[in-house]
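A structural walkthrough
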Amino acid sequence: MAANVSSAPQGAAPATLPLLVDGASRPAAAAETAPVLEPATGRTVARVPLCGPADVDVAVRAAAAAFPGWRAIPVPDRVQVLFRYKALLEREQEALAASVSRENGKLLPDARGEVRRGIEVVDFACGMPTLAQGRTVEGIARGIDSHSWRVPVGVVAGICPFNFPAMIPLWMFPIAVAAGNTFVLKPSERTPSTGLRLAELFQEAGLPPGVLNVVHGGRDAVDALLDHPLVRAVSFVGSEGVARHVYARAAASGKRVQAMAGAKNHLLVLPDADLDLTVSAVMGSAFGAAGQRCLAGSVLVPVGGAAEPLLERLASEARATRVGDPFAADSAMGPVIREDSRARVRRYIEAGLAEGAALVVDGREAPAGGDGFFIGPTILDRVAADSALTREEIFGPLLATVRARSVEEAVALANRSRYGNAASIFTSSGKAAAYFRRNVEAGMIGVNVGVAAPMAFFPFAGWKSSFFGDLHATGEDAVRFYTETRVVMERWS
């Protein structure tokens, strides 16, 4: 069964998505299901099974059974499957982007970009014959040679969020599988169809049964993966609270963990910044994907005289932003994922106003057609530095403005955050940029760049409470995470 949630006839009962286990689609043993909603309309487009330990155990055991055979395949032959997979992803990228927009609500052009970024990780993983190379020292001692090898860890679980249903699974399983591991993927129960379709395409590319398996569900499925004794490593992306849970529970049972968590990204703007470039970048950072990404700029810090002209331009752009159908060519922002997300954004707006912040643009008043979960861009000015709006991840289209008198004060404001995912500065001053790069406490830095997203061959390098673990996703960090080092000492007479 192809995971196409748009294929059901109009008026028909939404289909329940299958699992993918040992190379075949199968119904879940779990009887409970949840609706998969289209954020732009609020209608149910599919149902997703809420798997528990029984379904997870079947998938993990299929992965464990497939591991010895897949590991034994030479790495150049393994990556031939990835080359075929990349070709299929490129063939299907428009359908995958439509699946992302339908289930997530982001604009179709944004969804196309997401799929493209995921394919770039497959590109990177195709280099595994080089990436997995070890090291050799001849004559490390008299008559003894020493080698280090990179070997796969075994069964890996990937637990994914709703906001990048194509890209984040592709951060995980292509690198893990190319390195010789087998994988159990749990997409978000809010956006499950895209991850399932990605796995189906990998099967079509010739991946052996059991190497990549898909289960669905919420916390019960997550905890079953974290507790399963055959799972050796866990990759996670999601909120800080769940990341802490995943890290603590999986690490307690001896698993490797990389848990990417929340963010509160600051955008510093100096008076000498290029205003046109800055306004465009800030709008994209704060309101792209309706603010539902962990690299979204959510705190604006204008320095000195930058505030008034910047806010005037941002207000004009935000008021002109058309919020609507993600498939419509004239839409500039889609809905948030669910009604509870929209309600959360509204609560933060009201809390900021109660604290004395000035309302520059009120997204609660943005018109939008249909019954979806729409809310417009909101900008608040003169937000208190210790406000919940500057401390907590809102995950919606709300930009809080805190003014600073100097770049040093602005950096100090950013560093007060418990998060350290990303931060950007907009300036024409190399000196100010250098101070910012050296002193801001974030793992991903933008200079005149609104979304400091690294390419696939660099790590997604969050700091502080934005990341729990030692080795990050993507890049060589991911290769090290999905492999163990074996050191061989040998002497021959």
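The model shown is predicted, which means the values in this text are computed figures rather than measured ones. (Residues numbered from 1 in each chain as written. Predicted model: local features only at pLDDT ≥ 70, side-chain atom pairs only at ≥ 80, totals over all residues. Heavy atoms only, no water.)

This brings us to the overall build of the protein. Helix and strand counts for the protein come out as 16 helices and 22 strands. At 23 Å, the protein has a C-alpha radius of gyration in line with the 23 Å of a compact globule built from 493 residues. Seen through its principal axes, the protein has C-alpha atoms that stretch 75 × 70 × 40 Å. With 493 residues in all, the protein has 58% of them scored as buried. Across the protein, every contact between residues at least 6 apart in sequence was considered, and the portion connecting residues at least 24 apart equals 73%. Of the side chains in the protein, 50 bear a positive and 50 a negative charge, and the two mean positions are spaced by 4 Å. (Helix = DSSP H or I, 4+ residues; strand = E, 2+ residues; numbered from the N terminus. Rg over C-alpha atoms; globule rule 2.2 N^0.38 Å. Buried < 20%, exposed > 50% of the residue type's maximum accessible area, 1.4 Å probe, protein only. Contact = heavy atoms within 4.5 Å. Lys, Arg positive; Asp, Glu negative; His and termini not counted. Charge placed at Lys NZ, Arg CZ, Asp CG, Glu CD.)

Reading across from one edge, β14-β15-β16-β13-β12-β18-β19 is the order of the 7 strands in this open sheet, with mixed pairing throughout. Among the strands making up the open sheet, the edge pair consists of β14 (358–361) and β19 (444–447). Direction aside, neighbouring strands of the sheet carry axes that sit 20° apart on average. The pairing of β14 with strand β15 (residues 378–381) spans 3 bridges and is antiparallel. Bridge pairing links L359 to L380 in β15. (Pairing = 2+ DSSP bridges. Axes fitted to C-alpha atoms, helices over the stretch in contact; angles between N-to-C directions.)

A few words on a nonpolar patch on the surface. Nonpolar side chains collect at one region of the surface, where V137, I140, V487 and M489 lie side by side and expose about 370 Å² of accessible area between them. Broken down by secondary-structure element, the contributors of at least two residues to the nonpolar patch are β5 (135–141) and β22 (483–491). Of note, V137 is situated in strand β5. The class of V137 is partly exposed, set by a relative accessible area of 40%. (Patch = residues over 30% accessible without salt bridge, like charges linked within 9 Å, V, L, I, M, F, W, Y side chains within 5 Å. Areas by Shrake-Rupley, 256 points an atom, 1.4 Å probe, with all protein chains shown as cover. Salt bridge = Lys/Arg side-chain N within 4 Å of Asp/Glu carboxyl O.)

Moving on, we get to the sheet that holds strand β6 (residues 144–152). Strands sit in the order β5-β6-β22 across an open sheet of 3 strands; the sheet is antiparallel. Here the strands that pair on one side only, and so sit at the sheet edges, are β5 and β22. Across the sheet, the mean angle separating the axes of adjacent strands is 25° when strand polarity is ignored. As defined by bridge partners, β5 adjoins β6 across 4 bridges and the pair is classed as antiparallel. Bridge pairing in β6 links V137 to S146.

Attention shifts here to unusual backbone geometry. Phi is positive for D22, close to 55°, though the residue is something other than glycine. By secondary structure assignment, the location of D22 is in the loop between β1 (19–21) and β2 (24–26). Despite not being glycine, A290 has its phi angle at roughly 55°, a positive value. Secondary-structure assignment places A290 in the loop between α10 (275–287) and β13 (297–302). Residue classification places A290 among the buried residues on the basis of a relative accessible area of 1%.

Summed over the entire model, instances satisfying the criterion amount to 31 salt bridges. A salt bridge links R91 to E92, with the shortest nitrogen-to-oxygen separation between them at 2.8 Å. Residue classification places R91 among the partly exposed residues on the basis of a relative accessible area of 49%. The closest approach of N and O atoms between R403 and E308, which form a salt bridge, is 2.8 Å. Of this pair, R403 sits in the loop between β16 (398–401) and α14 (407–415) while E308 sits in helix α11 (residues 307–320), and the two are 95 residues apart along the sequence. Judged by relative accessible area, which is 46%, E308 ranks as partly exposed. Residues participating in the shared-partner salt-bridge network are K86, E90, R116 and D123.

The next thing to look at is the packing of helix α2 (residues 75–91) against helix α6 (residues 167–178). At a closest axis distance of 9 Å, the pairing of α2 and α6 adopts a crossing angle of 150°. Taken as axis vectors, α2 and α6 run roughly antiparallel relative to one another. Residue-level inspection shows V75, R78, V79, L82, Y85 and L89 of α2 in contact with α6, the latter providing L170, F173, P174, V177 and A178. Here the residues of the contact of α2 with α6 sort into 10 nonpolar, no polar and 1 charged. (Parallel < 35°, antiparallel > 145°, perpendicular 65-115°, else oblique. Nonpolar A, V, L, I, M, F, W, Y, C, P; charged D, E, K, R; others polar.)

In short, the description is geometric, and any link to function would need to be established separately.
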